[in-house]
Amino acid sequence: MGRRTVLLIAAVLIAAVGTALIFAYVSSVNDRALADQSPKKVLVVTRDIAAGTSAVDAEKAGSFELKELASASIPEGSLSDLTPVRDKVALAPIFVGEQVLAAKFGTIAASSGLSLTAGKLAVSIQLADPARVAGFVQPGSEVAIFVTLTGAQPGVPAAQDVTRVLLPRAQVIAVGPTTITQTATTSTGKADAGTNVEALPRAILTLALLQADAQRLIYASQKGQLYFGLLNKDSKVDRGQPVTAANLFG
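Residues numbered from 1 in each chain as written. Predicted model: local features only at pLDDT ≥ 70, side-chain atom pairs only at ≥ 80, totals over all residues. Heavy atoms only, no water.

With that settled, consider the overall build of the chain. Counting its regular elements, the chain contains four helices and ten strands. Along its sequence from the N terminus, the chain presents helices and strands in the succession α-β-α-β-β-β-α-β-β-β-β-β-α-β. Nonlocal contacts in the chain, meaning residues at least 24 apart in sequence, comprise 68% of its contacts between residues at least 6 apart. Total accessible area computed for the chain in this model is approximately 15,800 Å², and 58% of it derives from carbon and sulfur atoms. (Helix = DSSP H or I, 4+ residues; strand = E, 2+ residues; numbered from the N terminus. Contact = heavy atoms within 4.5 Å. Areas by Shrake-Rupley, 256 points an atom, 1.4 Å probe, with all protein chains shown as cover.)

Take a look at the structure:
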């Protein structure tokens, strides 16, 4: 065997060892990074699940996969096994990549309509992305609802815009598909000003409310602008004092 052949074999072996060491180092870095984020295992959807499909049938079809994710990326209600929803069905379509949430499953009767607590009714409103927390609001989410009204308002000494809490806590029971609304805006207030067409993603959100709160929401949606705030179980919101230009900075 010639000297060149020996050197070539040695170079190949060194390259292979180097590649293996780099791969091992990168893997260890990824493992350490994931460990620092307190990873947990949760079920993730691997095949689209149609509304009305039972959790058991979806499991048989191979629609779930157990993945280890950072705790910060796991929403409340995510499941690591199907035990809590094994006898339930999907209330709405669930798509590939979504984490499996208990709130997305219910009884067969509820899947054909909406799951409502006794004494409540369903009310739907349409909101743009920022007003619905950029799409993070999902069925089962709880939200605080804010409203901004223009003009004279009760409790406000002068005619001015006011923002205040309308409903401190309300449950979202359905989220419709996102649609694109074309809105024309003028560049100036002049009659001959040019117009710009702005594409605004919007979605319909349905909430379960008592009658009095439903009336408040409908009135506010017709007379003002609504804004949602996403809550967790520890969030604390009260109606408090209205915010106006006079007290905006305290």
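Anyway, onward from the coordinates.
Turning next to the side chain of S78. For S78, the location among the structural elements is in the loop between strand 2 (64-69) and strand 3 (89-90). One polar contact links the side chain of S78 to the main-chain carbonyl oxygen of P75, over a distance of 3.1 Å. (Polar contact = N/O pair within 3.5 Å; in protein donor to acceptor, adjacent residues only side chain to side chain.)

By size, the foremost hydrophobic cluster in this structure holds 22 residues, and its most contacted members are I145, L207, L217 and L226. Breaking this core down by element, the ones donating at least two residues are strand 5 (121-128), strand 6 (142-149), strand 7 (162-175), strand 9 (195-209), helix 4 (211-223) and strand 10 (225-231). Per-element accounting of this core gives the leading share, five residues, to strand 7. Beyond its immediate chain neighbours, meaning those up to four positions away, L226 contacts I125, L127, A131, I145, F146, V147, L166, L217, A220 and S221. Counting residues in each nonpolar core, the second largest holds 13 residues, with V45, A55, F64 and V85 among its members. (Core = buried A, V, L, I, M, F, W, Y, C linked by side-chain atoms within 4.5 Å. Buried < 20%, exposed > 50% of the residue type's maximum accessible area, 1.4 Å probe, protein only.)

Before going further, it helps to examine helix 4. Helix length check: helix 4, at 13 residues, gives a terminal C-alpha distance of 18 Å against a target of 18 Å (1.5 Å per residue), a fit within 8%. Looking only at helix 4, the buried set comprises A214, L217 and A220. Seen along its axis, helix 4 keeps its buried residues to an arc of 135°; they face one direction. Along helix 4, the residues that are exposed and aim more than 90 degrees away from the buried face are Q211, Y219, Q222 and K223. (Expected span 1.5 Å × (residues − 1). Arc of directions from axis to C-beta.)

Take the environment of L91 next. Relative to the helices and strands, L91 resides in the loop between strand 3 and strand 4 (105-106). Residue classification places L91 among the partly exposed positions, given a relative accessible area of 22%. A C-alpha to C-alpha distance of 9.6 Å links L91 and S54, two positions 37 residues apart in sequence.

Attention now goes to the confidence of the model for the chain. The pLDDT averaged across the chain works out to 80; a share of 76% of its residues lies at or above 70. Within the chain, strand 10 carries the highest mean pLDDT (95), whereas helix 3 (residues 108-111) carries the lowest (50). Taken together, the stretch residues 187-193 has pLDDT below 50 and engages in four contacts with residues farther than four places along the chain or on a different chain. (pLDDT = per-residue confidence, 0-100.)

The next point concerns a nonpolar patch on the surface. Together, V243, L248 and F249 give the surface a local cluster of nonpolar side chains, amounting to about 360 Å² of exposed area. With respect to the helices and strands, the residue V243 is situated in the segment after strand 10. (Patch = residues over 30% accessible without salt bridge, like charges linked within 9 Å, V, L, I, M, F, W, Y side chains within 5 Å. Salt bridge = Lys/Arg side-chain N within 4 Å of Asp/Glu carboxyl O.)

Located in the positive-phi region is V133, a residue other than glycine, with phi close to 60°. Within the secondary structure, V133 sits in the loop between strand 5 and strand 6. Note on V133: relative accessible area 23%, which makes it partly exposed.

This model, assessed by the stated rule, comprises five salt bridges. The closest approach of N and O atoms between E142 and R169, which form a salt bridge, is 2.7 Å. Of this pair, E142 sits in strand 6 while R169 sits in strand 7; the two residues are 27 residues apart in sequence, bridging distant segments of the chain. Under the relative-accessibility criterion, E142 is labelled partly exposed at 31%. D213 is paired through a salt bridge with R216; the nearest N and O atoms lie 2.8 Å apart. Of this pair, D213 and R216 both sit in helix 4, three residues apart, roughly one helical turn. Residue class for R216 comes out partly exposed when judged on its relative accessible area of 40%.

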